[in-house]
Amino acid sequence: DSLIWVSISPALGIEIARIMISNDSIMMINRLESTYFLGNFKFLNQMVNADFDFDMLQAFLTGNDFSYYENDKFKSSVDHNDKMYKLSTVGRRKLKKFQNESNNEPLMEDIWLDPETFKICRLKVNQFKENRKFEAHYSSFTGEEGSKYASEIEYDINAEEKVSIQLTYKSVTIDVPQTFPFTIPEKYSRSYY
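The paragraphs below set out a description of the structure included in this document. Position numbers for residues count from 1 along each chain, tracking the sequence in the order it is written. For this predicted model, a pLDDT threshold of at least 70 governs which residues receive local features, and a threshold of 80 or more governs which side-chain atom pairs are given and counted, while totals over whole chains, interfaces and linings are taken from all residues. Hydrogens are left out, water is left out, and the side-chain values use all remaining heavy atoms of the structure.

### Some remarks on the pattern of salt bridges
Phase 1: In the sections that follow, a salt bridge refers to a side-chain nitrogen of Lys or Arg positioned within 4 Å of a carboxyl oxygen of Asp or Glu. All chains considered together, the criterion is met by 4 salt bridges.
Phase 2: Between arginine 18 and glutamate 15 there is a salt bridge, and its shortest N-O distance comes to 3.0 Å.
Phase 3: Its relative accessible area of 15% is what places glutamate 15 among the buried residues.
Phase 4: Among the charged side chains, a salt-bridge network with shared partners connects Glu15, Arg18 and Arg31. Note on classification: 1.4 Å probe, protein chains only; a residue is buried when its accessible area is under 20% of the maximum for its type, exposed when over 50%, partly exposed between these limits.

### Quick notes on the packing of aromatic side chains
Phase 1: A pair of aromatic rings is counted whenever rings of Phe, Tyr or Trp (Trp by its six-membered ring) have centres within 6.5 Å, and the orientation is called stacked for planes under 30 degrees apart, edge-to-face for over 60 and tilted otherwise. One pass over the full model with this rule turns up 6 aromatic pairs.
Phase 2: For the ring pair phenylalanine 134 and tyrosine 155, a centre distance of 5.7 Å and an interplane angle of 35 degrees mean the geometry is tilted. Of this pair, phenylalanine 134 sits in strand β9 (residues 132–142) while tyrosine 155 sits in strand β10 (residues 149–158), and the two are 21 residues apart along the sequence.
Phase 3: Since its relative accessible area comes to 6%, phenylalanine 134 is described here as buried.
Phase 4: The exposure class assigned to tyrosine 155 is buried, which follows from its relative accessible area of 6%.
Phase 5: Linked through ring pairs, Phe60, Phe66, Phe134 and Tyr155 together constitute an aromatic cluster.
Phase 6: Here the guanidinium or amino end of arginine 122 rests over the ring plane of tryptophan 112, the centre of that ring lying 3.9 Å away. Only runs of H or I of at least four residues qualify as helices and only runs of E of at least two qualify as strands under DSSP, and these elements are numbered from the N terminus. Either the NZ atom of lysine or the CZ atom of arginine qualifies as a charge over a ring when it sits within 6 Å of the ring centre and within 35 degrees of the ring normal.

See below:
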């Protein structure tokens, strides 16, 4: 709820990048280029041409619903093709006490739930004003009952350009105190991307 910390190690366990995201900032160390970046969500939103905030990003990464959005306007149905429950809403807004001028656009949202676990298996979000679409597919659920998570996730962002991302979680640790080391080496230069 307060910090997202990512270490990217694609091969042989050698870290190539480290990212730390809080409610108002994004910090990144690029070990391949010996650079670092300090910015905010405006940078992330420009990079993927979207309008995310911390809560939305956290929900997308964990396969959960948005915490600070209205929940009273959903319509439920059964998607017989996918054999899942489907929740749909048009005009879902962020709760007033969490709104600011950049995130009060209503969303059209479809959520597909597994009928046995009620975990989100697919999520589609449309922002009308900007003609942006975001879709996520969550699969390969693992973990203990009550704390299952999707270990395979595919994201598709369709805005001015299309962006596709595939994410695989190798391990997840729950209810264990964590440390989040983030020290920028002195020799690294600042990047403004």
